[in-house]
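Topology and contacts: notes
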Amino acid sequence: MIQDLKFALRQVIKSPGFAAAAVITLALGIGANAAIFSIVNSVLLRPLPYKEPAKLWMLLASHKSADLDSSWISMADYRDCKKQANSFEELAAYTAVSRDLTGSGEPERIQLGVVTWNLFPALGVVPARGRNFLPEEDQPGAERVAILSHEIWQRRFGGDPGLIGRAIAISDVQYVVIGIMPAGFRVAQTAADIWVAARGSDGTPRDYRIFNLLGRAKPDVSIEQAQAEMSALSARLAQQYPETNDGVGIRVVQLREYLVHDVRTALLVLLGAVALVLLIACANVAILLLVRAVSREKEMAIRSALGASRGRLVKQLAVEGLVLAVIGGGLGLLVCAWGTSALQRFLPLDLPRLTELHADWHVFVFAASLILLTGVMSGLIPALRMTRRNLEDSLKNRGRGSSAGQNERRLRTAFVVVELALALMLSAGAGLLLKSFVLLQEVDPGFNPRNLLTMQVSLPRSRYADDNRRAAFFAELIGRMGKLPGVEAAAATLQAPLIGLDVDKSTFTIKGAPPTAPGQQPAAPLHVVTPEYFRTMGIPLRRGRAFTEHDDRNAPGVVIINEAMARRYWPNDSPIGRQLRQGLAFLPGDATEREIVGVVGNVRHFGLALAEEPQIYIPHRQSPWPEMTLILRAGANVTGLASAARAQVRLMDAQLPVAKIMTMDQGLRDSIAQPRFRAMLLGLFAALALVLGAIGLYSVMAYSVTQRTNEIGIRMALGANSGDVMKMIIREGSSIVVLGLAVGLAGAFGLTRLLASLLFGVGVSDPLTFAGVSILLAIVAMLACYLPARRATKVDPMIALRAE
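One structure accompanies this document, and this report is about it. Fair warning: this is a prediction, and the values are worked out from it, not measured in the lab.

From N to C terminus, the protein includes 24 helices and 22 strands. Overall, the C-alpha framework of the protein stretches about 105 × 60 × 55 Å when taken along its three principal axes. Burial analysis of the protein (804 residues in total) assigns 53% to the buried set. Here the analysis covers contacts within the protein between residues at least 6 apart in sequence; of these, 82% occur between residues at least 24 apart. Working note: accessible area of the protein is about 34,700 Å², and carbon and sulfur atoms make up 58% of it. Considering the protein, the positive charge centre built from 84 side chains and the negative charge centre built from 67 side chains are found 10 Å apart.

At Asp-172, a position not held by glycine, the phi torsion is positive, near 70°. Within the secondary structure, Asp-172 is located in the loop between β7 (167–170) and β8 (173–180). Of note in this structure, Ala-188 is not a glycine but carries a positive phi near 55°. With a relative accessible area of 7%, Ala-188 lands in the buried category.

The contact between helix α1 (residues 2–14) and helix α11 (residues 310–344) brings their axes to 9 Å, and the two run at 55°. Between α1 and α11, the angle falls in the class oblique. Crossing hand, α1 versus α11: right-handed. On the side of α1, the interface is formed by Gln-3, Asp-4, Leu-5, Phe-7, Ala-8, Leu-9, Gln-11 and Val-12, while α11 contributes Arg-312, Lys-315, Gln-316, Val-319, Glu-320, Val-323 and Leu-324.

Okay, the packing of helix α3 (residues 75–84) against helix α6 (residues 223–240) next. Contact geometry for α3 and α6: axes closest at 11 Å, N-to-C directions at 130°. As judged from the angle between their axes, α3 and α6 are oblique. Note that α3 runs across α6; the crossing there is right-handed. Across from Asp-77, Asp-80, Cys-81 and Gln-84 in α3, the residues of α6 making contact are Glu-229, Met-230, Leu-233, Arg-236 and Leu-237.

Before going further, it helps to spend a moment on the environment of Phe-211. Topologically, Phe-211 is positioned in strand β10 (residues 209–217). Looking at Phe-211, the relative accessible area reads 4%, which means it is buried. Counting along the chain gives 137 residues from Phe-211 to Ser-74, while the straight-line C-alpha distance between them is 5.9 Å.

A word on the side chain of Asp-653. Along the chain, the position of Asp-653 falls in the loop between α18 (642–652) and β22 (658–663). Only 3.0 Å separates the side chain of Asp-653 from the backbone nitrogen of Gln-655, close enough to count as a polar contact.

Describing an aromatic ring pair means giving the distance of the ring centres and the angle of the ring planes. Scanning the entire structure with this criterion turns up 15 aromatic pairs. Ring geometry for Phe-37 against Phe-366: centres 4.0 Å apart, planes inclined by 10°, an arrangement best described as stacked. Within this pair, whereas Phe-37 is found in helix α2 (residues 16–45), its partner Phe-366 is found in helix α12 (residues 361–386), the two being separated by 329 residues in sequence. The class of Phe-37 is buried, set by a relative accessible area of 11%. Judged by centre distance (6.2 Å) and plane angle (45°), the rings of Phe-534 and Phe-547 are tilted. In this pair, Phe-534 sits in helix α16 (residues 533–537) while Phe-547 sits in the loop between β16 (541–544) and β17 (558–562), placing the two residues 13 residues apart along the sequence. In terms of burial, Phe-534 and Phe-547 fall into one category: buried.

This part takes up α18. Taken together, the buried positions of α18 are Ala-642, Ala-645, Gln-648 and Val-649. All buried residues of α18 project into a common sector of 125° when viewed along the axis, lining one side. Away from its buried face by more than 90 degrees, α18 exposes Ser-643 and Leu-651. Structurally, α18 contributes buried residues whose contacts are with β12 (452–458), α15 (467–482), β21 (627–634) and β22.

This part takes up the state of the cysteines. Tallying each qualifying case throughout the model produces zero disulfides. You can see Cys-282 has no disulfide; the closest cysteine sulfur is in Cys-336, sitting 17 Å from it. By relative accessible area, which is 3% here, Cys-282 ends up buried.

Next up on the list: the pattern of salt bridges. If you walk through the whole model with that rule in mind, you get 25 salt bridges. With a closest N to O distance of 3.4 Å, Glu-563 and Arg-542 form a salt bridge. Here Glu-563, found in helix α17 (residues 563–569), pairs with Arg-542, found in strand β16; they are 21 residues apart in sequence, far enough to count as distant. The exposure class assigned to Glu-563 is partly exposed, which follows from its relative accessible area of 22%. When the shortest N-O distance is used, the salt bridge between Asp-551 and Arg-545 registers 3.0 Å. With a relative accessible area of 5%, Asp-551 lands in the buried category. Salt bridges here are not isolated pairs; linked through shared partners, they connect Asp-77, Asp-80 and Arg-206.

Taken together, the side chains of Leu-322, Val-326, Leu-372, Val-376, Leu-380 and Leu-384 define a hydrophobic patch exposed on the protein surface, amounting to about 450 Å² of accessible area. Elements with a contribution of two residues or more to the nonpolar patch: α11 and α12. Residue Leu-384 is classed as partly exposed on the basis of its relative accessible area, which comes to 34%.

Attention now moves to the environment of Arg-553. Mapped onto the elements, Arg-553 comes out in the loop between β16 and β17. The spatial distance from the C-alpha of Arg-553 to the C-alpha of Pro-624 is 9.2 Å, given a sequence separation of 71 residues. Engagement of the side chain of Arg-553 in a polar contact is seen with the side chain of Asp-467, the distance being 2.3 Å.

Here the focus is the side chain of Ser-436. The residue Ser-436 is located in helix α14 (residues 403–441) in this model. Beyond its immediate stretch of four places on either side in the chain, Ser-436 contacts Leu-758, Leu-759, Phe-760 and Val-762.

This paragraph deals with the pairing of strand β9 (residues 194–197). Both faces of β9 are covered, namely the face carrying Ile-194 and Val-196 and the face carrying Trp-195 and Ala-197. In this structure, strand β6 (residues 145–148) lies alongside β9, joined through three bridges in antiparallel fashion. Counted as the bridge partner of Ile-147 is Trp-195 from β9.

Below, the discussion takes up the environment of Thr-265. Inspection of the secondary structure assignment puts Thr-265 in helix α9 (residues 264–294). Thr-265 sits 490 residues away from Leu-755 along the chain, and the two C-alpha atoms are 8.2 Å apart.

Criteria and thresholds
- Residues numbered from 1 in each chain as written.
- Predicted model: local features only at pLDDT ≥ 70, side-chain atom pairs only at ≥ 80, totals over all residues.
- Heavy atoms only, no water.
- Helix = DSSP H or I, 4+ residues; strand = E, 2+ residues; numbered from the N terminus.
- Buried < 20%, exposed > 50% of the residue type's maximum accessible area, 1.4 Å probe, protein only.
- Contact = heavy atoms within 4.5 Å.
- Areas by Shrake-Rupley, 256 points an atom, 1.4 Å probe, with all protein chains shown as cover.
- Lys, Arg positive; Asp, Glu negative; His and termini not counted.
- Charge placed at Lys NZ, Arg CZ, Asp CG, Glu CD.
- Axes fitted to C-alpha atoms, helices over the stretch in contact; angles between N-to-C directions.
- Parallel < 35°, antiparallel > 145°, perpendicular 65-115°, else oblique.
- Left-handed = near helix turned anticlockwise from the far one by under 90°.
- Polar contact = N/O pair within 3.5 Å; in protein donor to acceptor, adjacent residues only side chain to side chain.
- Phe/Tyr/Trp six-rings, centres within 6.5 Å; stacked < 30°, edge-to-face > 60°.
- Arc of directions from axis to C-beta.
- Disulfide = S-S within 2.5 Å.
- Salt bridge = Lys/Arg side-chain N within 4 Å of Asp/Glu carboxyl O.
- Patch = residues over 30% accessible without salt bridge, like charges linked within 9 Å, V, L, I, M, F, W, Y side chains within 5 Å.
- Pairing = 2+ DSSP bridges.

Encoded structure:
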């Protein structure tokens, strides 16, 4: 083996051009695969950073009503589940809300995790410093205590170890710090800055569903048993509390499945795509080795004549292929490191476990397996073919016209056909995703995102407990914002479209409509907006009127609905003047009944790819919510307004932080980050496959021309012109291209079915996409054939005949 390794290294040094081509090809294939696997490993394969994560299950609410899709559960339902469920060792609840961190330093908007005392024990996680919550600290009226994340402890408090035991102010409420969590800790996708005890959450209605439920199952309980128990329990709650729980079930899913079910298909598609690129790279290297084998026919024949067995020759040649794979794999690891770093800049921010992305030993084992696999795949087949050559033919140099030479030519052709077919399959998938992404970008969001600046302002309930004071604050603030230089309009909403996606849905009944079945009440997202919201956003008013300053708490309750809601419930009539009764009684200032006073255009609030659905708008003066998103429309230079807008907030209340300042254009781009990432990456792989396929075809055709130099010279000496020679070579290449396209199209029609859930506005067998990528591949392939054919026309008949 040592002798073979030394000889293989000498062969690499002896043929640097060949070695460089093989090594670079393998490095690209192995590096790209390792980079994508590092993402798949971090998101899908690596165990969750909790104790026995397989026994951690999420309990999600399910609704009979098609209009309700929230998976959250109320604190009252949680307490009943914890009391009656026997499948879990621990059952905990958690949620996250936005609050203000005040006191020393600048006011800061933070994510506050509200948890039951047993959440961290259920996860098997203990604070890195200090202690966990105690059961008595999770009761109404208990002392307010907090546990900080490691990140905010370092950033805000400078890692002060003496912080434990001191008080901090969160939205003007004092909390005593009792612990610091480990670095990078989060609960599922919730990465809170500070964690506080839920303290019973008394006083919230049973239909106030804002909590996630997480349970650690008992060792002998299966998920099917837990599901059966929770189905029976939810049925009992529905009977006991029909007004709030009728039609509400509980679904049990594994925590890992809860985290990754939205991205698993996309990541596996990308991993499969990059695996096809590696196959093409291996085929390319195999072609290079087959071509190189011709120059070593006599060497192998002499070795065989001197007594070397076929197995000994195969071993030596396989080692040469493995050496190329190892060198290519080493370079591929550098490509992986660079590629992983580059991918992190383009990964969607909502990708689960994004902070855990790094290359661990699993990635290195995967890369080592790829090196071994590519070494065998690219080196073994040429080795077996080379050692089957006829000894006498090789020694007499008669191999070119022999049946063995024909077989090798067929094998090289088969490799190219496979390369072209795989390149077409990848190109078809990339074409579908690119077309889908283009169509997604062309979707009208229902508003004009140009020159819009958004920012979040939250009023602490301790200082703004009065509804009238909240309404007056935002009315004055919006008035100030509207007078800033360059501002054309200003408004506020509870959550801006495509930026704030956690908008509550409100069940409602239509006065005078037939009663609905239990659990089937219609529901729609509820938006709290100020009077100038529709004009500021550029949302058209279709019928009726917009909100005015007179729509306050002293005026009759009013709502505005969108066209989708008007079409669904009043398809042949006008909804103006109709009465709605809302189902969310916890809304501040909620009216018993509200009159529909206007109809506005549809807004794709939750995503461009989602269908238009009913939406309800309520005036802020009638429901003075304390947390609002301000929206400013400017003529130009919208980002330059950020500092001036922040100054206006500070003038009104110096303790209020301004959070999440961003343009609506940026929010629109962020909302389609995942489709963009998929299309970009698969398009990159398809382009790489196309280039490698063209190189493989060029190599085979160029070698064919070299092997047929004498034949071409004789043909030209007998009267064939350059056009005849070019047609002959092009005809040979065309047959390979046509066969590759035929095989690729057949494979593409099957494999693109895997992309169905990732596409928008385009079918999995879109004829224009398939035709376009086929034509593109044919053009590139024919160019790869043309260059060797052109070189064939330059053959000098006299030189060829003299050599013969």
